[in-house]
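Here is what each chain is made of, one letter per residue.
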Amino acid sequence: MLLLLLNNALACDPSDLVRAEKRGEEAFAQNDIDAVTQASKDAAKALRCTTPTPEQLARLHRLSAYHAGLERDWATAEESWRASLAAHPLLPPEKALWANPRLHLAWARAQETGVQYSVSSSRQPIAGIRTPLIPNTKPLKSSKQGQKRTLRSAGVGLLAAAGGLYGGAWAARVEYDRQGRDGEKAADRRLMYNVTNSLSIASAGVATLGGALLVVSIAR
Amino acid sequence: MMLLCLFAWGADAEGERLTDEFTRYAKDRKWTAVERTYRRLIAGHPDSLSNLIHHSASQAARQRGDLLIAAQRLLRCDPSGLALDTIADELENLRTQTGMVMFVGAELKPASMPFAPDLRQAVLQAQKQITEQGYYVGLLPVGTYKLDGTQVDIDAGFRWHDAWVE
């Protein structure tokens, strides 16, 4: 039940990415910088539930280039174009690009500079492409990966906290037993009895939540 | 203000001069000079760039075997500009004759060398880069190759090979 609730809370639709990119491209054609900004954010958010194809990733970086172009930040625009080219070097351009000659030039310059690569020892899938080549372009923050890391960290943290609570319960139990050996009255020992039980129950609850987060982080 | 106008006129005049030079080099098929002049135009005189210039620069890239940059230069052409049929034909020609590859290895051998000089040059360039840098990313003629002894078939199209895409 807990797992289902967690999974539903973090759910999103894989087609959100395609829709957000299309919206951003239409907004660029109308020079609507706010809509391009919003579409870029929505597209980046949609990455948490899908691994983009090379074309989708190239379009996402191109959206960043559009955004930078509308802000007249040509260095960022060129950097974003190069990242887009690394994902897909021959993504067909949109007609709206010719309405912004300076951005078109940034695109051409990024192509002329080209993308350099370093060869990694492992074959990691980067943006859906299985390759040991790592482009020297700006990385895309994958919110999917970030979210998995956050969930895993939270899960481990909660399990550690559960361990601490259980340690506290164990110490309270030792104290409760000592009071019994010393012949204290049952009414005086009540406090330690309650503390032991409360900490035990709390540790079990926190451990369950931590375990659930770990399972979700692995399953997603 | 007057100084600014003079400067702008001077910059345009330099762009015009480079464009004339470029056209002359392209006519004489001096591809190294075409390449050099095109880079100068891109760097400093973007207003002088036309479809005909992008097209000639694409041919220069083909001559030295860089088919990816050749295709990219064709894609830069203005869809409302001149020579669109020629540009579309050449892009289609590249799309059907080549495939987009991302090779990592030490040795690349084609099953048979292509006959066309630009395609042959592309294979030679890829072989050289793989030997020197250990990888090659670009367009290669369709066909069968051996990369470090493993057979790889390159299909036509401007998309990554299926084996590399999840």
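Before any of the text, the structure's been laid out above.
Colleague: Would you take a moment to explain the packing of aromatic side chains for this structure?
Modeller: The description of two aromatic rings rests on the distance between their centres and on the angle between their planes. Residue and element names in this part refer to chain A. Within the structure shown, the criterion is met by 7 aromatic pairs over all chains. Judged by centre distance (5.9 Å) and plane angle (45 degrees), the ring pair of tryptophan 81 and tryptophan 107 falls under tilted. One end of the pair, tryptophan 81, is in helix H5 (residues 74-87); the other, tryptophan 107, is in helix H6 (residues 101-113), with 26 residues separating them in the sequence. Here tryptophan 81 and tryptophan 107 have matching classes, each one buried. Seen from the ring of tyrosine 176, arginine 189 lies directly overhead, with NZ or CZ sitting 4.0 Å from the centre.

Colleague: What should I look at first to understand the interface of chain A and chain B in this one?
Modeller: The parts lose accessible area when they come together, and the size of an interface is often stated as this lost area. Listed by partner, the interface residues are 30 residues for chain A and 29 residues for chain B. Carbon and sulfur atoms supply 66% of the area buried between chain A and chain B, which totals about 2600 Å² over both sides. Contact with chain B buries surface across chain A, with Leu90(A), Trp98(A) and Glu112(A) losing the most and accounting together for 27% of the total. At the boundary of chain A and chain B, one finds 3 salt bridges. For the pair chain A and chain B, the number of links is 11 residue pairs in polar contact (both at pLDDT 80 or more). Mapped by element, the contributors of at least two residues to the side of chain A that touches chain B are helix H4 (54-70), H5, H6, strand S1 (117-119) and strand S3 (129-130) of chain A. No other element matches H6(A), which puts 7 residues into the side of chain A that touches chain B. Classifying every residue of the side of chain A that touches chain B gives 18 nonpolar, 7 polar and 5 charged.

Colleague: In this structure, what is going on with the nonpolar core? I would like to understand it.
Modeller: Nonpolar side chains tend to gather and get buried jointly when the protein is soluble and globular. Formed by 45 residues in total, the largest nonpolar core has its most connected members in Trp81(A), Leu90(A), Leu103(A) and Leu139(B). Element by element, the count of residues in this core is highest for helix H4 (residues 67-75) of chain B, at 7 residues. Apart from the residues within four sequence positions on either side, Leu90(A) is in contact with Leu68(B), Ala71(B), Gln72(B), Leu75(B), Met100(B), Leu139(B) and Phe158(B).

Colleague: What is the right way to read unusual backbone geometry from this model?
Modeller: It is generally the case that most residues other than glycine have a negative phi and that most peptide bonds are trans. Residue and element names in this part refer to chain A. Here asparagine 31, not a glycine, exhibits a phi torsion of approximately 55 degrees, which is positive. Mapped onto the fold, asparagine 31 is located in the loop between helix H2 (15-29) and helix H3 (33-46). In this structure asparagine 31 comes out as exposed when scored by relative accessible area, which is 56%. Positive phi, normally seen in glycine, also occurs at arginine 72, with a value near 60 degrees. Within the element layout of this structure, arginine 72 appears in the loop between H4 and H5.

Colleague: Even after reading the chapter, I still don't get the pattern of salt bridges, so can you show me in this structure?
Modeller: For side chains bearing opposite charge, pairing can occur when the charged atoms are close. Following the criterion strictly, the structure yields 24 salt bridges over all chains and no others. The closest approach of N and O atoms between Arg178(A) and Glu175(A), which form a salt bridge, is 2.7 Å. With a gap of 3 residues between them, Arg178(A) and Glu175(A) both fall in helix H7 (residues 143-181), about one helical turn apart. Overall, the relative accessible area of 31% leaves Arg178(A) in the partly exposed class. For Glu175(A), a relative accessible area of 26% corresponds to the partly exposed category. For Glu35(B), the salt bridge goes to Arg64(B), with nearest N and O atoms at 2.9 Å. Taken as a pair, Glu35(B) in helix H2 (residues 31-44) and Arg64(B) in the loop between helix H3 (51-63) and H4 lie far apart in primary sequence, 29 residues in all.

Colleague: Is there a simple way to think about the sheet that holds strand S1 (residues 98-104) of chain B in this case?
Modeller: Residues and elements named next belong to chain B. Spatially, S3-S1-S6 is the arrangement adopted by the 3 strands of the open sheet, whose pairing is mixed. Edge positions in the sheet fall to strand S3 (135-141) and strand S6 (157-160), since each of these pairs with one other strand and no more. For this sheet, the mean inter-axis angle between neighbouring strands, taken without regard to orientation, is 25 degrees. In this structure, S1 lies alongside S3, joined through 7 bridges in antiparallel fashion.

Colleague: Explain the side chain of Arg76(B) to me, please; I cannot follow it from the model alone.
Modeller: Relative to the helices and strands, Arg76(B) resides in the loop between H4 and helix H5 (84-97). Taking relative accessible area as the criterion, Arg76(B) reaches 1% and is therefore assigned buried. Contact partners of Arg76(B), with chain neighbours within four places excluded, come to Trp98(A), His104(A), Trp107(A), Ala108(A), Gln111(A), Glu112(A), Tyr38(B), Ile42(B), His54(B) and Ile69(B).

So, how was this worked out
Residues numbered from 1 in each chain as written. Chains lettered and ligands numbered in written order. Predicted model: local features only at pLDDT ≥ 70, side-chain atom pairs only at ≥ 80, totals over all residues. Heavy atoms only, no water. Phe/Tyr/Trp six-rings, centres within 6.5 Å; stacked < 30°, edge-to-face > 60°. Helix = DSSP H or I, 4+ residues; strand = E, 2+ residues; numbered from the N terminus. Buried < 20%, exposed > 50% of the residue type's maximum accessible area, 1.4 Å probe, protein only. Lys NZ or Arg CZ within 6 Å of the ring centre and 35° of its normal. Contact = heavy atoms within 4.5 Å. Buried area = accessible area lost by both parts, 1.4 Å probe. Salt bridge = Lys/Arg side-chain N within 4 Å of Asp/Glu carboxyl O. Polar contact = N/O pair within 3.5 Å; in protein donor to acceptor, adjacent residues only side chain to side chain. Nonpolar A, V, L, I, M, F, W, Y, C, P; charged D, E, K, R; others polar. Core = buried A, V, L, I, M, F, W, Y, C linked by side-chain atoms within 4.5 Å. Pairing = 2+ DSSP bridges. Axes fitted to C-alpha atoms, helices over the stretch in contact; angles between N-to-C directions.

These figures capture arrangement, not role.
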